[in-house]
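Breakdown of the fold
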Amino acid sequence: QVQLVESGGGLVQTGGSLRLSCTASVSIFRIFAMGWYRQAPGQQRELVADITGGGNTNYVESVKGRFTISRDNAKNTVYLQLNSLKSEDTGVYYCNTSPPSNNKWGRGTQVTVSS
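Residues numbered from 1 in each chain as written. Predicted model: local features only at pLDDT ≥ 70, side-chain atom pairs only at ≥ 80, totals over all residues. Heavy atoms only, no water.

Here we look at the nonpolar core
L4, W36, F67, V78, L80, L82 and Y93 are the most contacted members of the largest nonpolar core, which totals 24 residues. Counting residues per element, the ones that place at least two in this core are β3 (18-24), β4 (34-39), β5 (46-51), β7 (67-72), β8 (77-82), β9 (91-97) and β10 (109-114). Among the elements that take part in this core, β3 stands out by supplying four residues, more than any other. (Core = buried A, V, L, I, M, F, W, Y, C linked by side-chain atoms within 4.5 Å. Buried < 20%, exposed > 50% of the residue type's maximum accessible area, 1.4 Å probe, protein only. Helix = DSSP H or I, 4+ residues; strand = E, 2+ residues; numbered from the N terminus.)

Structure, rendered in structure tokens:
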């Protein structure tokens, strides 16, 4: 059973930055595209960014130019760099395969942006 563990969240002011990390218990990155998902309070979870095994990336329009997804296959880790944070970026951030696997959701990491 693959476990995904997210870290790096926190409380930051508007305009600040965070770097999220997601590490897998086994090497799945070479096989699957990986994504970062966000669930804002009272809203459904949405895909924010994903990256293929070859490094091709996609972003939801609201984070383009501010967030950067990357991966280190040797470390079984995928990252999400969050810059120029806005209050609407607040939420719990999860990583998973893209598209997601229901049995791979971790606990997520909380990002709170204060104005």
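Here the narrative resumes.
Digging into the packing of aromatic side chains
Inspection of the entire model under this criterion finds two aromatic pairs. Between Y37 and W105, the ring centres sit 5.1 Å apart and the planes meet at 80 degrees, which makes this aromatic pair edge-to-face. With Y37 in strand β4 and W105 in the loop between β9 and β10, this pair connects stretches of sequence that are 68 residues apart. Its relative accessible area of 5% is what places Y37 among the buried residues. Relative accessible area serves as the criterion here: at 25%, W105 is assigned to the partly exposed category. With a centroid separation of 5.8 Å and 80 degrees between ring planes, the pair formed by Y94 and W105 is classed as edge-to-face. Of this pair, Y94 sits in strand β9 while W105 sits in the loop between β9 and β10, and the two are eleven residues apart along the sequence. (Phe/Tyr/Trp six-rings, centres within 6.5 Å; stacked < 30°, edge-to-face > 60°.)

Considerations on the state of the cysteines
Taken as a whole and assessed by the stated rule, the structure comprises one disulfide. In this model, C22 is linked to C95 through a disulfide, with the two sulfur atoms separated by 1.7 Å. Around the S-S axis, the bridge from C22 to C95 shows a dihedral of about 40 degrees and counts as right-handed. Here C22 is found in strand β3, whereas its partner C95 is found in strand β9, with 73 residues between them in sequence. With relative accessibility at 0%, the residue C95 sits in the buried group. (Disulfide = S-S within 2.5 Å.)

Digging into the pattern of salt bridges
Pairing is possible between side chains that carry opposite charge, provided their charged atoms lie close to one another. Counted according to the given criterion, the structure contains four salt bridges. In this structure, E46 and R38 form a salt bridge, with 3.0 Å as the shortest nitrogen-oxygen distance. According to the relative accessible area criterion, E46 is partly exposed, its value standing at 30%. R66 is the partner of D89 in a salt bridge, and the nearest nitrogen-oxygen pair spans 2.7 Å. With D89 in the loop between β8 and β9 and R66 in the loop between β6 (57-59) and β7, this residue pair connects regions lying 23 residues apart in the sequence. Accessibility classification places D89 together with R66 in one group, the buried group. Each member of the salt-bridge network shares a partner with another, and the members are R38, E46, R66 and D89. (Salt bridge = Lys/Arg side-chain N within 4 Å of Asp/Glu carboxyl O.)

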